[in-house]
Amino acid sequence: MTIWEMLAVLVAGISAGAINTIVGSGTLITFPVLLATGLPPVTATVSNALGLIPGSVSGAIGYRKELTGQRRRVLKLSVAALMGGLTGATLLLVLPSTAFETIVPVLVALALALVILQPRISKAVQRRRADNGTTARPDGGPLLFVGLMLASVYGGYFTAAQGIIYLSLMGMLLDDTMQRLNAVKNVLAAVVNSTAALFFLFVADFDWTAVALIAIGSAFGGQIGAKVGRRLSPTVLRCLIVAVGTVAIVQLVLR
């Protein structure tokens, strides 16, 4: 890489770390930049996955206050993330690169629709529970576990917009605030990225310059994202998710 290419990758890493912590979809910044430096798509994907781990960890640390009291929930859902992430990483090396290109924009669009409708869906679910005399399960039950595992398959494959899908699923099935769910999302993203990256270490080629630059940048960006994201109201956070998700869909369709 030239000095300017290295600077571009570093800046992309900072931006991705911040956006991933607040919403998700930071890969839509780093991936095109890595391709522009001349890296092959698979090398760019695996290098990006490894480089973003410090950013995910940094974002989770930044949200540690919101993680208080969620230990059992996080541990259980992390199992789903680990299983899905490993499956997705395997599929990246087995399937042709065009395999997910059609379904990914559809998944993101569906997730955005769920984010927009989440307040109404939650109220309807709460009314139904009140009528039936039941309460929400703190871990979301089997439906959330399977849903997050499938979302993590996609996350292990490409990672872009996985955070939006996580938030939409948890928003429907968990009775909690958006900020606390966002904290869980950051942990799950760290699990998926770490699982996929560890798998890739044994079977894929990395560009270690790109890995180092994204790692440094995303770790710094994760802290920025945590400071900004924790101050956003649920409505503003939801609007930001929709805005970023819309850009993600456009970029995925045009890519």
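Further up the page is the structure itself.
Residues numbered from 1 in each chain as written. Predicted model: local features only at pLDDT ≥ 70, side-chain atom pairs only at ≥ 80, totals over all residues. Heavy atoms only, no water.

**A few points about the side chain of Gln 70**
Applicable threshold: Strands are runs of DSSP state E lasting at least 2 residues, helices are runs of H or I lasting at least 4, and numbering of each runs from the N terminus. It only takes one pair of heavy atoms within 4.5 Å for two residues to be counted as in contact.
Following the sequence through the fold, Gln 70 ends up in the loop between α4 (53-62) and α5 (71-94). Ignoring anything within four residues of it in the chain, the contact list for Gln 70 reads Asp 176, Arg 180 and Val 184.

**Here's the deal with the pattern of salt bridges**
The condition is simple: Here a salt bridge means any side-chain nitrogen of Lys or Arg lying within 4 Å of a carboxyl oxygen belonging to Asp or Glu. Three exposure classes are used, based on accessible area relative to the maximum for each residue type with a 1.4 Å probe and protein chains only: buried under 20%, partly exposed in between, and exposed over 50%.
Enumeration according to the criterion identifies two salt bridges in this entry. A salt bridge links Arg 180 to Asp 176; its shortest N-O distance comes to 2.9 Å. Judged by relative accessible area, which is 23%, Arg 180 ranks as partly exposed. Its relative accessible area of 23% is what places Asp 176 among the partly exposed residues. Within this structure, Arg 73, Asp 176 and Arg 180 form a network of salt bridges that share partners.

**Some remarks on helix α10 (residues 208-229)**
Put simply, the rule reads: Every helix has an expected span of 1.5 Å times one less than the residues it contains. Distance and chemistry together define a polar contact, namely a pair of N or O atoms within 3.5 Å, with one atom able to donate a hydrogen and the other to accept it when in protein, and with adjacent residues in sequence counting only for side-chain atoms on both sides.
Taking 1.5 Å of rise per residue, 22 residues should cover 32 Å, and α10 covers 30 Å from first to last C-alpha, within 8% of that figure. Along α10, the positions that sit buried rather than exposed are Ala 210, Val 211, Leu 213, Ile 214, Ala 215, Gly 217, Ser 218, Gly 221, Gly 222, Gly 225, Ala 226 and Gly 229. Backbone nitrogen of Thr 209 and a side-chain oxygen of the N-cap are separated by 3.2 Å at the start of α10; the cap is Asp 207.

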